[in-house]
Amino acid sequence: MKKVITYGTCDLFHYGHLEILRRARAMGDYLVVAVSTDEFNWEQKQKRSVYPYAHRAAIVEAIEFVDEVIPENTWEQKIEDARQHDIDVFVMGSDWAGTFDDLKQYCEVVYLPRTEGISSTDVKLDVKENH
Ligand code: C2G
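Quick caveat, the model's predicted, so the values are computed rather than measured. (Residues numbered from 1 in each chain as written. Predicted model: local features only at pLDDT ≥ 70, side-chain atom pairs only at ≥ 80, totals over all residues. Heavy atoms only, no water.)

## Quick notes on the site of the ligand
Moving on, step 1. In the region of the ligand, 20 residues are neighbours, and Lys 47, Glu 72, Asp 95, Thr 115 and Ile 118 sit closest.
Moving on, step 2. One of the side-chain nitrogen or oxygen atoms of Lys 78 is found 2.9 Å away from an oxygen atom of the ligand.
Moving on, step 3. Alone, the ligand offers 630 Å² of accessible surface; in the complex the protein occludes 94% of this.
Moving on, step 4. The cavity where the ligand resides is the largest pocket.
Moving on, step 5. Every element with two or more residues in the shell around the ligand is listed here: β1 (3–8), α1 (15–25) and β4 (89–93).
Moving on, step 6. No other element matches the three residues that α1 contributes to the shell around the ligand. (Near = heavy atom within 4 Å. Polar contact = N/O pair within 3.5 Å; in protein donor to acceptor, adjacent residues only side chain to side chain. Areas by Shrake-Rupley, 256 points an atom, 1.4 Å probe, with all protein chains shown as cover. 1 Å grid on protein atoms, 1.4 Å probe; cavity = no way out; pocket = protein on both sides within 12 Å on 5 of 7 lines; lining within 4 Å. Sits in = over half its atoms within 2 Å of the grid points. Helix = DSSP H or I, 4+ residues; strand = E, 2+ residues; numbered from the N terminus.)

## Looking at the environment of His 17
Moving on, step 1. Here His 17 is to be found in helix α1.
Moving on, step 2. For the pair His 17 and Ala 82, spaced 65 residues apart in the sequence, the C-alpha separation amounts to 21 Å.
Moving on, step 3. Leave out the neighbours within four places in its chain, and His 17 touches Cys 10, Asp 11, Leu 12 and Ser 120. (Contact = heavy atoms within 4.5 Å.)

## Things to note about the sheet that holds β1
Moving on, step 1. Spatial ordering of the open sheet is given by β3-β2-β1-β4-β5, a layout of five strands whose pairing is parallel. Each edge of the open sheet carries a strand with a single partner, namely β3 (68–72) and β5 (108–112). Pairwise comparison of adjacent strand axes, ignoring direction, gives a mean angle of 25 degrees for this sheet.
Moving on, step 2. Pairing between β4 and β5: five bridges, direction parallel. Bridge pairing in β5 places Val 89 opposite Glu 108.
Moving on, step 3. Running at roughly 165 degrees to strand β2 (residues 30–36), helix α3 (residues 53–61) makes contact with β2 and β3 of the sheet. (Pairing = 2+ DSSP bridges. Axes fitted to C-alpha atoms, helices over the stretch in contact; angles between N-to-C directions.)

## Observations concerning the nonpolar core
Moving on, step 1. Core analysis: the largest hydrophobic core is formed by 18 residues, its most contacted members being Leu 21, Leu 31, Val 33, Val 60, Val 66 and Val 91.
Moving on, step 2. When residues of this core are traced back to their parent elements, those giving at least two are α1, β2, α3, β4 and β5.
Moving on, step 3. Not counting residues within four places of it along the chain, the set of residues in contact with Val 91 comprises Val 4, Ile 5, Thr 6, Tyr 7, Ile 20, Ala 24, Met 27, Val 110 and Leu 112. (Core = buried A, V, L, I, M, F, W, Y, C linked by side-chain atoms within 4.5 Å. Buried < 20%, exposed > 50% of the residue type's maximum accessible area, 1.4 Å probe, protein only.)

## Comments concerning unusual backbone geometry
Moving on, step 1. At Cys 10, a position not held by glycine, the phi torsion is positive, near 55 degrees.
Moving on, step 2. Within the secondary structure, Cys 10 sits in the loop between β1 and α1.
Moving on, step 3. The class of Cys 10 is buried, set by a relative accessible area of 7%.
Moving on, step 4. Non-glycine residue Gln 46 carries a positive phi angle of around 50 degrees.
Moving on, step 5. Tracing the backbone shows Gln 46 in the loop between α2 (38–45) and α3.

Written out as structure tokens, the structure reads:
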């Protein structure tokens with residue numbers, strides 16, 4: 001079984017999130033998604049998500065082609081995750097290109113083109129200005 005993993009905040013879940021998860025899953029037979037915890041978002045990314053971790057994780061877990069959801073608590077857990085989950089392919093969007101190349105000694109590392117024209121930040125701005 002070819003196992004794929006990807007990481008994300010997945011706040012205000014949108015089409016760009018769906019598309020990266022769909023393409024990641026298509027690269028193997030089993031998809032693990034590591035969703036960043038509220039603490040990680042604030043402490044490491046200075047981001048406060050609109051939806052709490054429990055909701056973001058539940059939405060991702062409900063997607064039919066997502067097989068497993070785990071919490072992302074630290075930047076450094078990726079190597080351990082790759083080992084523990086016997087990961088074959090690590091996938092991220094192209095905005096992260098090159099960032100996680102250290103994982104290449106543990107698994108294939110693939111950066112896929114971002115879906116243009118959508119982001120959680122864009123959604124927040126759109127709602128604030130137009131709705
Ligand atoms: N993404 C995408 N197209 C978009 C928006 C996001 O392909 N229009 C991808 C990103 O490149 C990323 C994934 O969707 O691979 C999740 O994006 P975010 O939820 O914004 O997560 P991020 O803040 O990038 O956190 O350790 C890695 C981090 O947890 C990733």
